[in-house]
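Examination of the molecular architecture
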Amino acid sequence: MQTVVVHASASGHTETLANAIAQGAHAAGSHVTVLPAEQCGPDHLVAADAMFWGTSSYFGGPNLKMVHLFERLGGIWMAGGLQGKVGGVFATTSTMHGGLETVLHTLIDAMMHHGMIVVPNTGAFTPERIRFGCPYGAAAVVETAVDLDMAVGQPTPGEMQIAYEYGQRVVAIATQMRSAQPPYTAR
Ligand SMILES: Cc1cc2nc3c(=O)[nH]c(=O)nc-3n(C[C@H](O)[C@H](O)[C@H](O)COP(=O)(O)O)c2cc1C
């Protein structure tokens, strides 16, 4: 099982969340590669069984590093290179209502255009999930300097725990799909 966790991160908030996801994916039995979006190409994604895409929210949309990755995926989109792969998404903002859900949906939409199977991040209500949970993916609201997009905070332990569990969940589903008889084929 190969998992790639791609993060488009400027000051490290989203990268921190990516690392929690990666730890969960590893604990679920996958080999995991964490890649900045600017170092990720189509081949990394085609080689993976499962993947996560994450970005910071810029006005409710993905940042340019993620957009530039999308620009490089036209070929595998037309070839169906990601068809049937299992995916999850994650995002950070600096404010509670600063676009987390819209940016997560943008990433989900892109995965669906590639024919991927997107895994939700809904779980039984715990105090952490009531406070930090998001059904669309892993998420964190991280304090940021007002005058500069500097990292001044970190995702909370609750956000990191939910991200870790999401990493486990997506790999568990990808593992089940890979071992399904007959093997799942979308094409
Ligand atoms: C150009 C720009 C636009 C942003 N727009 C928003 C926004 O609309 N709402 C919000 O809550 N945070 C916004 N942010 C803050 C980032 O989403 C937030 O700091 C994020 O955690 C940064 O993560 P990163 O270090 O992984 O890039 C913006 C930051 C920048 C630089």
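Residues numbered from 1 in each chain as written. Predicted model: local features only at pLDDT ≥ 70, side-chain atom pairs only at ≥ 80, totals over all residues.

1. Things to note about the overall build of the protein
- Tallying secondary structure elements over the protein gives 7 helices and 7 strands in all.
- In sequence order, the protein lays out its α and β elements as β-α-β-α-β-β-α-α-β-α-β-α-β-α.
- In terms of overall dimensions, the protein is globule-like: its C-alpha atoms have a radius of gyration of 15 Å, near the 16 Å expected for 187 residues.
- Its C-alpha atoms give the protein principal-axis dimensions of roughly 50 × 35 × 25 Å.
- Each of the 187 residues in the protein was classed as buried or not, and the buried ones make up 43%.
- Put simply, 81% of the contacts in the protein that link residues at least 6 apart link residues at least 24 apart. (Helix = DSSP H or I, 4+ residues; strand = E, 2+ residues; numbered from the N terminus. Rg over C-alpha atoms; globule rule 2.2 N^0.38 Å. Buried ≥ 20, exposed ≤ 12 C-beta atoms within 10 Å, placed from the backbone. Contact = placed C-beta atoms within 7 Å.)

2. Notes on the environment of histidine 31
- Looking at the element boundaries, histidine 31 is found in strand β2 (residues 31-36).
- Spatially, the C-alpha atoms of histidine 31 and alanine 172 are 13 Å apart, while their sequence positions differ by 141 residues.
- Apart from residues no more than four positions distant in its own chain, histidine 31 is found in contact with Met1, Gln2 and Thr3.

3. Details of helix α7 (residues 157-178)
- In this model, α7 (22 residues) spans 32 Å end to end at C-alpha, consistent with the 32 Å of a helix rising 1.5 Å per residue.
- Within the span of α7, buried status applies to Glu159, Met160, Ile162, Ala163, Tyr164, Glu165, Tyr166, Gly167, Val170, Val171 and Ala174.
- Buried positions along α7 lie against β1 (2-8), α1 (13-27), β3 (50-58), β5 (86-93), α6 (127-132) and β7 (138-141). (Expected span 1.5 Å × (residues − 1).)

4. A short note on the packing of α1 against α7
- Running from amino to carboxyl end, α1 crosses α7 at an angle of 45 degrees, the nearest separation of the two axes being 7 Å. By the angle class used here, α1 and α7 are oblique. Like other packed secondary-structure pairs, α1 and α7 cross with a definite hand, here right-handed. Contacts from Leu17, Ala20, Ile21, Ala22, Gln23, Gly24, Ala25 and Ala27 of α1 reach α7 at Met160, Ala163, Tyr164, Glu165, Tyr166, Gly167, Gln168, Val170 and Val171.
- Counted by class, the contact of α1 with α7 contains 12 nonpolar, 4 polar and 1 charged residues. (Axes fitted to C-alpha atoms, helices over the stretch in contact; angles between N-to-C directions. Parallel < 35°, antiparallel > 145°, perpendicular 65-115°, else oblique. Left-handed = near helix turned anticlockwise from the far one by under 90°. Nonpolar A, V, L, I, M, F, W, Y, C, P; charged D, E, K, R; others polar.)

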